[in-house]
Amino acid sequence: MVSIKSAADIEAMRPACRHAADTLVMIEPHIQPGITTDEINRLVHEFTIQAGAIPAPLNYHGFPKSVCTSVNHVVCHGIPGDKRLKDGDIVNVDVTSIIDGWHGDTSKTFYVGEPKVRTRKVVEVARRALEVGIEVVRPGATLGDIGHAIQHYVEGERCSVVREYCGHGIGRQFHEDPQVLHYGKPGTGLALRPGVVFTIEPMVNLGKAGVKVLSDGWTVVTRDRSLSAQFEHTMVVTEDGCEVLTLPSRES
């Protein structure tokens, strides 16, 4: 069942969504060569707790940290640890905050130092892929329309879309219906209605689309060890389009 959020529900979600977005703003200047992903986790955890929020990833199905940090060929669900970031790396920081029982979910891939040309390519394609998907969202559009638009753009840029992981509904639960695939056929799947809240979060690989899960049961990597990048927003379908809820305070 896909829940339709009321105007009051949307207002109740805004603080969590805004906090998640502000967390990415907070962490950006710290993304420098030499920082460990565990230090990123500590900064995110402290920032979240100090705001009276809860870091949703912590202990979610046993996930051991407060944020996901996915470096270079890690696609998603990277576990923070003692790995130090190097000049030329990329790292996706995936933040989900809970405030008053409501979730806000967003992520961004950051450059560490100066990126190489191929690194910039996959990151900018992933950034634009999210924008392409958001541009489709309006009442009457289908989830297949969103997926097709993203897939068509990404493959046109000679990159690939990860198929095993997708966007999702969100609200009082971290993951709700519907599943939002980042590939598909126009006109297929759920037709969107005002009040549907979900994430779009395309994972884009510079090489082939194949992925595998490491022995820790969480970390997803590209099979060919090609670079992978991701961006994510939480949004609500409105009467005439959509509103992105995970914009930072300075952009709201």
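Above this text is the structure in question.
None of these values were measured; they are calculated from a predicted model.

Reading the values: the criteria
Here the residue numbers are simple positions, counted from 1 along each chain's written sequence. Given that this is a predicted model, residues contribute local features only at a pLDDT of at least 70 and side-chain atom pairs are listed and counted only at 80 or more, while totals for whole chains, interfaces and linings are drawn from all residues. To get the side-chain values, all heavy atoms of the structure are used, and hydrogens and water are removed first. The rule is short: rings of Phe, Tyr and Trp, with Trp giving its six-membered ring, pair when the centres are within 6.5 Å, and they are stacked under 30 degrees, edge-to-face over 60, tilted in between. Put simply, DSSP marks the helices as runs of H or I at least four residues long and the strands as runs of E at least two long, and each gets a number from the N terminus on. A simple rule labels every residue: compare its accessible area, found with a 1.4 Å probe on the protein chains alone, to the largest value its type can have, and call it buried under 20%, exposed over 50%, or partly exposed in between. A positively charged side chain is recorded as over a ring if its NZ (Lys) or CZ (Arg) lies within 6 Å of the ring centre. The angle to the ring normal must also be within 35 degrees. Strands are labelled as partners when DSSP assigns at least two bridges between them. In this description, a line fitted to the C-alpha atoms serves as the axis of each element, helices being fitted only across the stretch in contact, and the angle between N-to-C directions of two axes falls anywhere from 0 to 180 degrees. Note on angle classes: values under 35 degrees are labelled roughly parallel, values over 145 roughly antiparallel, values of 65 to 115 roughly perpendicular, and the remainder oblique. Left-handed describes a crossing whose near helix is turned anticlockwise from the far helix by less than a right angle; the clockwise case is right-handed. Throughout, a contact is declared for two residues whenever any of their heavy atoms are within 4.5 Å. Following the grouping adopted for this structure description, the nonpolar residues are Ala, Val, Leu, Ile, Met, Phe, Trp, Tyr, Cys and Pro, the charged ones are Asp, Glu, Lys and Arg, and the polar ones are all others, Gly among them. The span you would expect from a helix comes to 1.5 Å times its residue count less one. This arc is built from the directions going out from the helix axis to the C-beta atoms.

Draft legend 1. Main features of the packing of aromatic side chains. Following the criterion strictly, the structure yields 2 aromatic pairs and no others. With centroids separated by 4.7 Å and ring planes inclined at 50°, the aromatic side chains of Y60 and F174 adopt a geometry described as tilted. Taken together, the residues span a long stretch of sequence, with Y60 in the loop between β1 (54-55) and β2 (68-71) and F174 in the loop between β7 (167-169) and β8 (176-180) at a distance of 114 residues. Aromatic pair F63 and W218: ring centres 5.1 Å apart, planes at 85°, arrangement edge-to-face. With a gap of 155 residues between them, F63 in the loop between β1 and β2 and W218 in the loop between β11 (211-213) and β12 (220-222) connect regions that are remote in the sequence. Exposure remark for W218: the relative accessible area of 22% places this residue in the partly exposed category. The residue whose ring lies beneath R120 is Y111, and the NZ or CZ to ring-centre distance is 5.1 Å. In this structure, R163 packs its charged tip against the face of Y183, placed 4.2 Å from the ring centre.

Draft legend 2. Fine view of unusual backbone geometry. Following D177, the chain continues into P178 via a peptide bond in cis, with omega recorded as 5°. Relative to the elements of secondary structure, P178 occurs in strand β8. One non-glycine residue, D100, adopts positive backbone phi at about 55°. Note on placement: D100 falls in the loop between β4 (90-99) and β5 (102-111). The exposure class of D100 is exposed, given its relative accessible area of 68%. Within the chain, R225 stands out as a residue other than glycine whose phi angle is a positive 65°. Inspection of the secondary structure assignment puts R225 in the loop between β12 and β13 (228-230). R225 gets classed as exposed once you look at its relative accessible area, which sits at 61%.

Draft legend 3. Focus on the sheet that holds β12. Pairing is antiparallel in the open sheet, where 3 strands are placed in the order β3-β12-β11. Because the sheet does not close on itself, it has two edges, and the strands there are β3 (74-76) and β11. In this sheet, adjacent strand axes meet at a mean angle of 40° when their direction is disregarded. With 2 bridges joining them, β3 and β12 adopt antiparallel strand pairing. What sits directly across from V74, in β12, is V221.

Draft legend 4. Local environment of the packing of helix α1 (residues 7-27) against helix α2 (residues 37-50). One way to put it is that α1 packs onto α2 with a least axis distance of 10 Å and a crossing angle of 135°. Of the possible angle classes, the one that applies to α1 and α2 is oblique. The way α1 lies across α2 gives a crossing that is right-handed. Counted together, H19, D22, T23, M26 and I27 of α1 and I40, L43, V44, F47 and T48 of α2 form the full contact between these two elements. Grouping the amino acids of the contact of α1 with α2 by side-chain chemistry returns 6 nonpolar, 3 polar and 1 charged.

Draft legend 5. Here's a closer look at α2. Counted at 1.5 Å a residue, the expected span for α2 with its 14 residues is 20 Å, and the 20 Å between its end C-alpha atoms agrees. Within α2, burial applies to T37, I40, N41, L43, V44 and T48. Within α2, the buried residues cover an arc of 165° as seen down the axis, which keeps them to one side. Considering only its buried residues, α2 is in contact with α1, β1, β2 and β4. Looking one or two places after α2, you find G52, whose phi comes out positive at around 80°.

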